[in-house]
Amino acid sequence: MQDVAWQERLVTQLTELQFRDVLQQVRESLEAGADPLVVVEMCQEGVRRVGELYERGEYFLAALIMAGEIFRQAMDLIVPHLAVTTPGGDCRVLLGTVQGDIHDMGKNLVGALLRCHGFSVQDLGVDVPPAEFLKQVEATQPDVVGLSGLLTTSFGPMRDVVNLIRVLPPERQPKGIIIGGASVSEQVRELVGADFWATDAMHGVRLCQQIMKYTPCLD
Ligand code: B1M
């Protein structure tokens, strides 16, 4: 696809909350052969800008809600276009948004991309208490645990989950714990005690692949 003007157009349409135009642009871009991951990136950038406008007091909560709904519907159009690039295996990822946090768009996107790359994903949803994470880790023995959280207040519950998991005997621990969300960083990873951090979905997928590189299911 030669014309890149559509990218800025899509970002602007989402930033301006033009629901129908966004969905139309997404459809057109995909039909014209745009890389679905680039379409996702543009939608994510639009939503990020809505967040900035909200922070500056130019948008209100309703705008965040609307951006979320536009993003969800755009993902419904994009996800079927994401190619399965790796055969399915038995690598299991347990995902969830931590307690007190109901943001789920990033988590859902990571989950969709992981499935496209052959991972089996168990999604616990949002506002998941630490004890529930522990219960599911014990019950399902996932290879990787992904903790999503977008609020700065999510770091405490992330740390609680990690602390609970670290107490398990080594053979029952996941091979890696990843934290994800727009405001995570190396410092937050250290604070929380997780193994890795990711601020975008493909990075999350690559980390899971990296964690699983010595296991047979991705051979
Ligand atoms: Co909220 N919100 N929000 N919000 N919201 C933020 C996070 C905020 C930064 C906006 C702002 O002020 N600029 C701010 C947090 C400030 C802070 O804590 N420092 C904020 C606030 C304040 C709030 C409320 C408190 C507002 C209020 O009620 N007054 C409230 C909190 C509710 C709660 O959780 N208890 C709230 C509510 C909401 C909505 C429900 C309206 C809506 C969410 C809808 C939904 O998720 N279904 C919403 C939205 C849309 C946003 C912004 C605008 C966009 C978030 C988003 O979905 N981005 C956001 C601003 C921003 O992030 N800049 C904001 C798109 C998504 C694809 O990206 O989530 O970063 P992201 O996910 C990425 C990576 O982080 C990574 O990959 C994903 C895909 O690329 N990743 C992982 C995520 N999880 C991973 C797990 C992994 C790996 C990678 O494991 C393997």
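Each remark here, short or long, concerns the structure printed above.
Reference entry: report on the structure contained in this document.

What counts, and where the lines are drawn
- Residues numbered from 1 in each chain as written.
- Predicted model: local features only at pLDDT ≥ 70, side-chain atom pairs only at ≥ 80, totals over all residues.
- Heavy atoms only, no water.
- Axes fitted to C-alpha atoms, helices over the stretch in contact; angles between N-to-C directions.
- Helix = DSSP H or I, 4+ residues; strand = E, 2+ residues; numbered from the N terminus.
- Parallel < 35°, antiparallel > 145°, perpendicular 65-115°, else oblique.
- Left-handed = near helix turned anticlockwise from the far one by under 90°.
- Contact = heavy atoms within 4.5 Å.
- Nonpolar A, V, L, I, M, F, W, Y, C, P; charged D, E, K, R; others polar.
- Expected span 1.5 Å × (residues − 1).
- Polar contact = N/O pair within 3.5 Å; in protein donor to acceptor, adjacent residues only side chain to side chain.
- Donors = N, O, S within 2.8 Å, 3.2 Å for Na, K, Ca; no water.

Packing of helix α2 (residues 19–31) against helix α4 (residues 61–78) leaves a shortest axis separation of 10 Å and a crossing angle of 25 degrees. Here α4 runs roughly parallel to α2, going by the angle between their axes. Relative to α4, the crossing made by α2 is right-handed. Taken together, the residues of α4 that come into contact with α2 (itself represented by Phe 19, Val 22, Leu 23, Val 26, Arg 27 and Leu 30) are Met 66, Glu 69, Ile 70, Gln 73, Ala 74, Leu 77 and Ile 78. Within the contact of α2 with α4, the residues separate by chemical class into ten nonpolar, one polar and two charged.

Turning our eyes to something else, we now look at helix α3 (residues 36–55). The terminal C-alpha atoms of α3, which comprises 20 residues, lie 29 Å apart, in line with the 28 Å expected from a rise of 1.5 Å per residue. Those residues of α3 that are buried lie in contact with α1 (5–15), α2, α4 and α5 (105–116). The distance from a side-chain oxygen at the start of α3 to the backbone nitrogen of Leu 37 is 2.8 Å, and the residue carrying that oxygen is Asp 35. Of the residues one or two after α3, Gly 57 is the one with positive phi, at around 80 degrees.

Our next topic: the coordination of the cobalt atom of the ligand. Only one protein atom coordinates the cobalt atom of the ligand: His 103 (NE2), located 2.2 Å from the metal. Along the polypeptide, His 103 turns up in the loop between β1 (92–97) and α5.

A separate point is the packing of helix α6 (residues 130–140) against helix α7 (residues 155–166). Any two packed helices are characterised by how steeply their axes cross, that is the angle between the axes, and by the distance between the axes. The contact between α6 and α7 brings their axes to 9 Å, and the two run at 35 degrees. Both α6 and α7 take part in a crossing whose hand is right-handed. Across the interface between the two elements, Pro 130, Ala 131, Phe 133, Leu 134 and Val 137 from α6 touch Pro 157, Asp 160, Val 161, Leu 164 and Ile 165 from α7.

Everything listed here is a matter of coordinates, which is why it stays silent on function.
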